[in-house]
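Structural features, examined
Each chain is listed here by its residues.
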There are 2 protein chains.
Amino acid sequence: MTSIKDVAKLAQVSVATVSRVINNTENVQDETKERVLAAIKELNYSPNLLGRSLRRLETKKILVMLNTISNQFYSRVVKGIEEKAIPHGYTVMVCMTHGNCKIEQRYMQMLKTRLVDGAVFLTTEQDGNTLTNELSAVNVVQACEPREDFLTSTVSIDNEKAAYDSVSYLIKKGHKKIAFFGAGDIYQSSIKREHGYCKALKENNIPVNPNWIFNEGFSFNAGIRASSLLLSKGELPTAIFCISDSCAAGAMKALAQNDIKIPDDISIMGFDNTQLSQIYMPSITTLKQPQYEIGYQAMELLLNKINGTDTNINHLLLDYEIVERESVKQI
Amino acid sequence: MTSIKDVAKLAQVSVATVSRVINNTENVQDETKERVLAAIKELNYSPNLLGRSLRRLETKKILVMLNTISNQFYSRVVKGIEEKAIPHGYTVMVCMTHGNCKIEQRYMQMLKTRLVDGAVFLTTEQDGNTLTNELSAVNVVQACEPREDFLTSTVSIDNEKAAYDSVSYLIKKGHKKIAFFGAGDIYQSSIKREHGYCKALKENNIPVNPNWIFNEGFSFNAGIRASSLLLSKGELPTAIFCISDSCAAGAMKALAQNDIKIPDDISIMGFDNTQLSQIYMPSITTLKQPQYEIGYQAMELLLNKINGTDTNINHLLLDYEIVERESVKQI
DNA sequence: TTGTAAGCGTTATCAG
DNA sequence: CTGATAACGCTTACAA
């Protein structure tokens, strides 16, 4: 590996001069500069960023932590993060935890040890107190699925209100028998959406039927499982509000296999407006989260934190909208 | 930020001793060790990995370069990479290029400047000669979509043979009129699959109809576009061999909207066995690439390269299999 | 305009 | 078993 010393030797100058040329930081005589540039080219030299970062105490790197990239939802969030980060000179890297605490801690080590300047957590596996303690000295924000006990700035939608609006929409479409396919109380978003679901029913004087609340998860298979359970209950609802588009698709497939027509027999509503909701047959009526914007704003908060421009803890709630497609029918 | 010096001072030992305790590298008296560990705990100290990497000239970090994580196909490949890397002490980070040369070069800079020990390229935007030159001194392998002019070890399937087998399968199912939805000659995999498609037809004395070859891309929308073009041609085939599952789904949706029944009127075959092929209605018959295995083996080659165990350029071709589902019918 | 040298946080060598 | 110190590659006062 060629270092700055090799360049200096070849160009017959000091390493300081080479550094000045590389960073365009002070005046260097044209002739010397050219000699240095020629040497750099000849040796195919690139400055070692470890050395630079160690000296400058900054790396210009950002980590995005998430459970898994197989969840389509996150890809546009990351895109938003990147498009804010790159113009400010930051490079973004994505790290998957696969729901594994150990792996998450390993990446956190990179944070704590200054291998990166900051991180955006899209999901996390650990409890908030631990995280708050461990990461007290580093720059972190949360987006999408924030934990309230992890004390950082956050960007997300108002999950309770979004669910409330979704279920109100179904009610407006004439539905009174509405089931909820959630993910259970390990997910704050699921708890809140269940609250919103109940609130909308109550406000419309529809009793909440606990037999119609299932918590099998976000995935396609979760939708299948929840549908099977629902079918075993006897009476069927006319609509199902699902925690995710994948879950909605799973529900649709399981119901279709039992000769239940969507939306003629049962209406289905998804959540997130992932590509799946557009391409499924029938296409899925869903609630669009502003994924790109969530990422963009989260990165903005992180930059402010890194620069010391804003030391407050902010909680941004962004707008959402219902996207009407084919899976919900007026009755 | 607390450094090793602070720990040494608090524990009343030298920094060397602290380092020995951290790395468990030499014998340290139990009593001293405990004092050091107590100090580390009290100061909540983590060693700065920049310093360590600079000293050791290795970072134990691997980059995975790809176009975009929104392509489901890659998520299992990355999983395979991770599961080989982690037990060897390596940490994996994913970097998206979004088809942008500039961004790709930025990540390559991390490679050239020793911020990471190596990289697996799943896709690349630049021409092979440039890459070969730029990255001659670093540890790199390619997987999935290798460029032959980028001289590295590669892991993939035999795309021509896989396409040949897929089309032969359709022929065995009684189809003689078979269209091809490809991605065009910017993708080596597309070129090769088109070759395989033509070869299978010729071997069965079926003339290749250039009107039935479309190159709109890998995406869902590409499938929609290709279908629209196909419908404008007049005569329809009885089967379509698609370059990806997304493309197949797009084709199915566009055809369904024109009241063409899948698989009764036209059979559709996808490629990759992504989750979409399982969950779509009807489910999509497809060719399963061993995604996890591709990633795992690519990482193995990379480790051998990093360790200097194997300096050859290897080209691994892994097995694939046809997964029969609902979108192809015997006629 | 250029060079010298200190220092970023580690680890490894060499003495003791 | 422990400490002092050089070195990794770079940037930046300070001096010349």
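The rules we used
- One numbering rule holds for all chains: residues counted from 1, following each sequence as written.
- The order in which chains are written sets their letters, starting at A; the order in which ligands are written sets their numbers, starting at 1.
- Reporting in this predicted model follows two pLDDT cut-offs: at least 70 for local features of residues, and 80 or more for side-chain atom pairs to be given and counted; totals over whole chains, interfaces and linings ignore these cut-offs and use all residues.
- Derived side-chain values reflect all non-hydrogen atoms in the structure, with water molecules and hydrogen atoms excluded from consideration.
- A pair of strands is labelled paired if DSSP reports no fewer than 2 bridges between them.
- What counts as a helix is a DSSP run of H or I of at least four residues, what counts as a strand is a run of E of at least two, and both are numbered from the N terminus.
- Orientation is described by axes fitted as lines to C-alpha atoms, over the contacting stretch for helices, and by angles from 0 to 180 degrees between their N-to-C directions.
- We call two residues in contact whenever any of their non-hydrogen atoms come within 4.5 Å of each other.
- Relative accessibility under 20% of the residue-type maximum defines a buried residue, over 50% an exposed one, and the middle range a partly exposed one, all with a 1.4 Å probe and only protein chains included.
- Directions pointing from the helix axis toward each C-beta atom define the arc.
- Pairs of N or O atoms are called polar contacts if they sit within 3.5 Å, as long as, within protein, a hydrogen donor faces a hydrogen acceptor (for residues adjacent in sequence, only side-chain-to-side-chain pairs).
- To superpose the copies, least squares is applied to the C-alpha atoms of every residue with a pLDDT of at least 70 in both.
- Near is defined per residue: the residue qualifies when any heavy atom it owns lies within 4 Å of the molecule or strand.
- For this scheme, ten residues count as nonpolar: Ala, Val, Leu, Ile, Met, Phe, Trp, Tyr, Cys and Pro. Four count as charged, namely Asp, Glu, Lys and Arg, and the remainder, Gly too, count as polar.

Attention now goes to the sheet that holds strand E8 (residues 239–242) of chain A. All names here are of chain A. In space, the 4 strands of this open sheet follow the order E7-E6-E8-E9, with parallel pairing throughout. The two strands at the open ends of the sheet, each matched to only one other strand, are strand E7 (213–215) and strand E9 (267–269). Along the sheet, successive strands turn relative to each other by an average axial angle of 15°, direction set aside. As paired strands, strand E6 (residues 178–182) and E7 are joined by 3 bridges and run parallel to one another. Across the sheet, Phe180 pairs through a bridge with Ile213, a residue of E7. Packed onto the sheet, helix H8 (residues 159–172) meets E6, E8 and E9 and runs at close to 165° relative to E8.

The α-helix advances 3.6 residues per turn, and as a result positions three or four apart in sequence lie on the same side. Within helix H4 (residues 49–56) of chain B the residues assigned to the buried category are B:Leu49, B:Leu50 and B:Ser53. When H4(B) is viewed along its axis, its buried side chains cluster within an angular range of 100° and face the same direction. Those residues of H4(B) that are buried lie in contact with helix H4 (49–56) and helix H6 (101–112) of chain A together with strand E1 (61–66) of chain B. Between the side-chain oxygen of the N-cap and the backbone nitrogen of B:Leu50 there are 2.6 Å, and the N-cap of H4(B) in question is B:Asn48. Just past H4(B), the residue B:Leu57 takes up positive phi, approximately 60°.

In the superposition of chain A on chain B (RMSD 0.2 Å, axial shift 0.1 Å), the rotation amounts to 180°. Taken together, the rotation and translation describe the operation of a two-fold axis. When C-alpha positions in chain A are compared against the rotation axis, the closest is assigned to A:Val94, at 2.4 Å. By residue overlap, the copies meet face to face through one surface: 100% of the interface positions of chain A are interface positions in chain B.

Time to look at the protein's contact with DNA strand D. The immediate surroundings of DNA strand D are formed by 26 residues, with A:Ile4, A:Tyr45, A:Arg55, B:Arg20 and B:Thr32 found nearest. Within 4 Å of the protein, the contacting atoms of DNA strand D are 63% sugar and phosphate, with bases supplying the remainder. Backbone polar atom of A:Ile4 to a phosphate oxygen of DNA strand D: 2.5 Å apart, as the coordinates give it. A distance of 2.7 Å separates a phosphate oxygen of DNA strand D from a polar atom in the backbone of A:Asn48. Of all the secondary structure elements, the ones that give two or more residues to the surface near DNA strand D are helix H1 (4–11), helix H2 (15–23) and H4 of chain A together with helix H2 (15–23) and H4 of chain B. Here the surface near DNA strand D is built from residues that sort into 9 nonpolar, 10 polar and 7 charged.

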